[in-house]
Amino acid sequence: MGDSTARGGTFFPARTGDPAPGGPPQRTRRPRPRPGSVATHLVLSLGALVMIFPFCWQLLTALKSLAEVSRVPPTFLPEDWKWSSFDEVFTALPFREMLTNSAINTVGRTAGQLVFCSLAAYAFARMRFKGRDLLFGLFLSVLMVPSSLLVLPQYDIIQSFGLLNSAPALFLPGMFSAFGTFLLRQAFLTLPRELEEAARIDGAGSFRIFWSVMLPLIRPALAALAVITAMAAWNDLLWPLIVNTDPEAMPISAGLTSLEGQYETNYPVMMAGSLIASLPMLLVYVFLQRHFVQSVASSGVKS
Amino acid sequence: MSVFPATAAAKAADRRAARAAGTGPAGRDQRTAYLFVAPLGLGFALFYFWPMIQTFYFSFTEFGPFGGHTWVGGDNYARVVKDVTVWQALGNTVLYCGIGLTALPLALVVASLLNRRGLRAVPLYRALYFVPFVTLPVAVGLVWNWLYNGDFGLLNEVLGWFGVDRRYWVSDPSTAVFAIGAVMVWSTTGYYLILFMAGIKGIPQDYYEAAELDGAGAVRRFFTITLPLLSPTIFFASVICMIQSLQVFDLIYIMMGEKNPAVGDTQSVVGLFYKWAFMENAQGAAAALAFLLMLLIAALTYLQFRLQKRWVHYG
Amino acid sequence: MRRRTLLCSGLAAASAPVLAACSDQGGGSESGGRTTLSYGMWDPAQVPGMKKIIAAFERRNPGISVRIELTPWATYWTTLKTSMRGGTAPDVFWMNAVNFQLYAAHGVLEPLSEHIRRDGTPLDRHPRQLVRLYAYRGTQYGIPKDFDTIGLWYNKDLFDKARVPYPDTTWTWDDLRDAAAELTNPRERVHGYAAEMQRQIVIYPAVFGAGGYVLRDGRSGFGDERTIEGLRFLTDMIDRGWSPPQSAMVENIGRVRFWSEKAAMVNDLSAMAGQMYAVPALKDHGGVTVLPKGRERATVIHGLANVVSAKSDKKTAAWKFVHFMAGREAAVIQAESGVTISSYAGTQDAWISSMPEFDLRHFIDMKEYGAPYPSSKNTAVWENLQYPLLGAAFSGKGGVEEAARTLGEQMDRALKEERDT
């Protein structure tokens, strides 16, 4: 985590202590601890422990036997580290296919939103056409409607395409987003007019201007949208639960619920399954942490 | 097109007319704009606007178990309004919203602690606090169910050291909502933390330095500088929090089984919708419920934007 | 249809699974060429066995192939209903007692009586209670494929520790209660018995054992004195602390308590034998016997049936498959796969000998007095009343008699509504 964490400090670049007034900058790398700093660290680490410990316990439980997890008082470390719960997860469910489905779903939705939302956002931000504001208002109204409440007709549509239990069923409705359009429109609005005009004088067409001049300039917003969408897609449960009921076509989130149905309260197996299911997104987070942080921050700025 | 070639002003008017009519070079621009918007527009039409109309239509019908539906007028709406479980679910949703909001002050406190000058390891803390938010909600629910487990769960064990009696946290109707709510707070605090840290970063450091010179303590600085200047962000966070509490489904779905005695006390509106639509074959009533919830969310959002004028401080 | 193909070919480049979905739709019409049947089921554990049966069937019927459509239990019935609506239901699928009459009454199942008569399908080789379970108004719609009875599983190690003799076929409810009291050890959090709020494996057997009933001539039995006696037998063990209350059983179900050696005795299905066998401790010192006798000897018998969709356009092939599944050859294959007891008489030895450590013969013997799983047209409607109403009594809060009477009244109302529609 080290590298990305260090670079992630965009909001609060670690300050190496304030130089004493009039004096030379301190040479030591460790600043003198300010009063109360120890207490602050204590509180903060206690909070961090609360955030992280459940995952440690999840791993430890997955490595214990069923008999051991139901011992009172509980053991902390497994008596013998047994990995068989992980094997059991893979034999009980087509977990490999499920992980693949989740990946396809995530990539499909993210790619779709990046393409469709950026095109529309560009038109809304930089072009003038009849009915623009009305149309934009109409699109924004989708923001108000929780997509979970439209699943009945959406299911019928997917069924009429003959796409139930297929990968496109997972990502089709999620490729279109009002939030994404809004976010990217805001980004396009900040760009100076002169850029387009210069490109137009050079003889570039609308699409060329969009693609090679404007789009690269809103890369941070695109990255933010990609992260937000990817996370939502990976975590989505209700929709896949409805359209893809065949275990081989389910994403991992829905698969995990059917693991619960099958193993009821067999906790070591369920902990192993939930660990595997959440690991991919956590790994992506570790490597792209900066983008995650920026995406959240940008979702809050100016809205 | 104009017959008389005339003044520049007339020409401009001409161009405007041409643009409106969709011809000439400006008209091509219009067509391009529509082409840019079209893919998204079609997607919205197919997957959002049409379903919205259909949901509205469905809400006046009843589905046969194996197909076909009949017009039942306002029966579904009557059922929704009369059904006690709907009101219970609405009450639960309000409760989730209230519990969920406690993540805001928590995140605010952590954010201002992290804002202390000269504090080390800030990115590391931020990274750790954000992990629960990145984790699959279904997995989060399973892990917490295990921690909450009445017989063999760690929570009871730890509380036992402090003399607290063991409980079946998620199957006791008096504690289940709070148990689930606590998990919601746990998993969203990191999100609000980052929002607030970004907001605090936007506050000029001079304000704090000036206040410090005036002898204002940390607490005072928090209340006189951080809180008011952060109010737009706090407002945004509370809107997000409300919308998410209204839609909470995953956690409850995974943490509550059908035999759980606390099912009724924890069900959310979306959970009830899922149950009606996909477990009890009552799609018509579910559609009516969905439609009413959409109206409720629209009304609440409108209300919040009206209220923000009262307390949100835009600098 | 044309649009569908276009859409599919357009999206095919994006992902492979679509291709499969598209080609499925094109596959198999009855006239000429190969017929592909879809077979709907929910239990992943039975897939290997079913695949073997399908292979045997395909060898005998070269023009027909069968593809399994697996849907997890949690969504099986809703998926089936919506797929019936959309016309994509499987040609042949698994049916249970809870849902059978509803499907038969709505005409979505193909009547099989004619076919059975013509082809001489050996219905008489299957338990008569089960065959009757899948007939509606004198017409047979389904043919049993397997059956389940409920036995008493026990942990010999815990019995030895408490110096209690193992349960056997002579046990009565009094023996069970005495043993449960002896075996309960609060310090180790061990309970003697798991009186779980579970209709098929705990509640119904107790009701029948007390001489009560659940449903008779369209009337609910929950207000009946004997039924209440059966329920009280269970809740009493909870009140005395010999069984965990339901609130605890939600978080750790009886079966898992038994696996982790925290419950000395549980009721469980014959179909769970394989899973019990997979737990090393139980393979070593687990045992099984018949349910102890109350006023009467009782257990619940239930089995799944194969049915043909009335909306299928490949009914001839579908019937051939169902007919084959009802025969001895398929039954033997199913028994050898060791997951469930085949319902075909005389093929159960393979299943019994697949787990020699357990005395599985008891499950077959109980078939004689097993009461069929109670069902009506809208079974699910009145079943859904049970857990919310009985929950408090099963959580140690008392009031079982009143709860049962209320349940009886509400169930009667539901049954009346069922008759009226």
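Residues numbered from 1 in each chain as written. Chains lettered and ligands numbered in written order. Predicted model: local features only at pLDDT ≥ 70, side-chain atom pairs only at ≥ 80, totals over all residues.

Our focus in this paragraph is the overall build of chain B. Looking only at helices and strands, chain B has 16 helices and 2 strands in total. Buried residues in chain B amount to 43% of all 315 residues. A separation threshold of at least 6 residues defines the contact pool for chain B, and within that pool the share at least 24 residues apart is 67%. (Helix = DSSP H or I, 4+ residues; strand = E, 2+ residues; numbered from the N terminus. Buried ≥ 20, exposed ≤ 12 C-beta atoms within 10 Å, placed from the backbone. Contact = placed C-beta atoms within 7 Å.)

This part covers the UniProt feature "domain: ABC transmembrane type-1" (unreviewed entry) in chain B. The feature "domain: ABC transmembrane type-1" (unreviewed entry), as annotated in UniProt, sits at residues 89-304 of chain B in this numbering. Secondary structure content for residues 89-304 of chain B is 76% helix and 0% strand, while the C-alpha to C-alpha distance between its ends is 22 Å. (UniProt positions renumbered as here; feature names shortened; annotations may be inferred.)

Another point: the domain arrangement of chain C. The accessible area lost on association of the parts is a frequent measure of interface size. Residue and element names in this part refer to chain C. According to the domain assignment, chain C contains domain 1 (34-147 + 302-353) and domain 2 (150-298 + 376-420). Listed as interface residues are 9 residues of domain 1 and, on the opposing side, 10 residues of domain 2. With 4 residues, helix α5 (residues 97-105) is the largest single contributor of residues to the side of domain 1 that touches domain 2. Looking at the side of domain 1 that touches domain 2 residue by residue, the class counts come to 5 nonpolar, 4 polar and no charged. (Domains from an automatic or database assignment. Nonpolar A, V, L, I, M, F, W, Y, C, P; charged D, E, K, R; others polar.)

Turning our attention to the sheet that holds strand β1 (residues 35-41) of chain C. Residues and elements named next belong to chain C. Spatial strand order, β2-β1-β3-β15-β6: 5 strands in an open sheet with mixed pairing. In this open sheet, the two edge strands, each paired with only one partner strand, are β2 (64-70) and β6 (142-144). Strand-to-strand twist across the sheet, computed as the mean angle between neighbouring axes with direction ignored, equals 25 degrees. Here helix α16 (residues 315-325) sits on the sheet in contact with β1, β2, β3 (92-95), β6 and β15 (305-308), set at roughly 165 degrees to β15. (Pairing = 2+ DSSP bridges. Axes fitted to C-alpha atoms, helices over the stretch in contact; angles between N-to-C directions.)

What follows is about the packing of helix α10 (residues 205-213) of chain B against helix α11 (residues 218-229) of chain B. Residues and elements named next belong to chain B. Taken N-terminus to C-terminus, the directions of α10 and α11 make an angle of 145 degrees; their axes are 11 Å apart at the nearest point. You can see that α10 and α11 cross each other, and the crossing is right-handed. Along its contact with α10, which presents Y207, Y208 and A211, the element α11 presents R221, T224 and I225. Of the residues contributing to the contact of α10 with α11, the split by class is 4 nonpolar, 1 polar and 1 charged. (Left-handed = near helix turned anticlockwise from the far one by under 90°.)

Right, let's get into the interface of chain B and chain A. Each partner contributes to the interface: chain B provides 83 residues, whereas chain A provides 84 residues. For the side of chain B that touches chain A, the element with the highest residue contribution is helix α2 (residues 24-58) of chain B, accounting for 20 residues. Residues belonging to the side of chain B that touches chain A are distributed by class as follows: 62 nonpolar, 13 polar and 8 charged.

Attention shifts here to the confidence of the model for chain B. Residues and elements named next belong to chain B. Averaged over all residues, the pLDDT of chain B is 85; the fraction at 70 or higher stands at 90%. Every residue in residues 1-11 scores below 50 in pLDDT, and together they form 2 contacts with partners more than four places removed in sequence or on other chains. This model gives residues 16-25 a pLDDT under 50, and the stretch forms 11 contacts once residues within four places in sequence are excluded. (pLDDT = per-residue confidence, 0-100.)

Considered domain by domain, chain B is made up of domain 1 (8-58) and domain 2 (78-311). One C-alpha centre belongs to domain 1 of chain B, the other to domain 2 of chain B; they are set 40 Å apart.

Once that is clear, we can look at the sheet that holds strand β13 (residues 286-289) of chain C. All names here are of chain C. What the 4 strands build is an open sheet, ordered β9-β12-β8-β13; its pairing is mixed. What marks the edges here is a single partner per strand, and that holds for β9 (191-193) and β13. In this sheet, neighbouring strand axes are inclined to one another by 30 degrees on average, regardless of whether the strands run parallel or antiparallel. Its contacts with the sheet put helix α10 (residues 199-209) on β8 (150-155) and β12 (263-269), and the angle it makes with β12 is roughly 95 degrees.

All names here are of chain C. Under the 1.5 Å per step criterion, the end-to-end length of helix α4 (residues 73-86) is 20 Å for 14 residues, consistent within 8% with the ideal 20 Å. The largest bend in α4 comes to about 25 degrees, at T79. Taking burial as the measure, the 14 residues of α4 include 10 buried ones, the bulk of the element. Of all the positions in α4, only T75, Y76, W77, T79, L80, K81, T82, S83, M84 and R85 are classed as buried. (Expected span 1.5 Å × (residues − 1). Bend = angle between axes of the 7 residues up to and from the residue.)

With 299 residues, the main nonpolar core has A120 of chain A, I194, F196, F273 and L289 of chain B together with F321 of chain C as its most contacted residues. No other element matches the 15 residues that helix α9 (residues 176-201) of chain B contributes to this core. (Core = buried A, V, L, I, M, F, W, Y, C linked by C-beta atoms within 7 Å.)

What follows deals with the pairing of β15 of chain C. Residues and elements named next belong to chain C. Neither face of β15 is left uncovered, since the one carrying A305 and V307 and the one carrying N306 and V308 both have all their residues buried. Relative to β15, β3 runs antiparallel, the two sharing 4 bridges. Residue pairing across strands places W94 opposite N306, the latter belonging to β15. Sheet analysis places β6 next to β15, joined by 3 bridges and oriented antiparallel. Within β15, the position partnered with P144 by the bridge is A305.

Quick look at the confidence of the model for chain C now. Residues and elements named next belong to chain C. With 92% of its residues at a pLDDT of 70 or more, chain C has an overall mean of 89. When the criterion is pLDDT under 50, residues 1-31 qualifies, and its contacts beyond four places in sequence or with other chains add up to 36 contacts. The ipTM for the predicted assembly is 0.83, set against a pTM of 0.83.

Take the environment of V227 of chain A next. Tracing the backbone through its elements, the reader meets V227 of chain A in helix α12 (residues 219-235). For the pair V227 of chain A and L172 of chain A, spaced 55 residues apart in sequence, the C-alpha separation works out to 18 Å.

The next thing to look at is the UniProt feature "transmembrane region" (unreviewed entry) in chain B. Residues and elements named next belong to chain B. With numbering aligned to this structure, UniProt lists the feature "transmembrane region" (unreviewed entry) at residues 33-53, 93-115, 127-147, 176-200, 221-246 and 282-303. Helix makes up 100% of residues 176-200 and strand 0%, whereas the separation of the span's terminal C-alpha atoms amounts to 35 Å. Each end of residues 282-303 is marked by a C-alpha atom, and these two atoms are 31 Å apart; helix forms 95% of the span and strand 0%.

Turning next to the pairing of β8 of chain C. Residues and elements named next belong to chain C. For β8, a buried count of 6 out of 6 residues is recorded, marking the element as mostly surrounded by other parts of the structure. Here β8 shows two buried faces, one formed by I150, L152 and Y154 and the other by G151, W153 and N155. Sheet topology places β8 next to β12; 5 bridges connect them, and they run antiparallel. Its bridge partner being in β12, W153 is matched across the sheet by V266. Here 4 bridges tie β8 to β13, and the two strands are oriented antiparallel to one another. Paired with Y154 across the bridge in β13 is G287.

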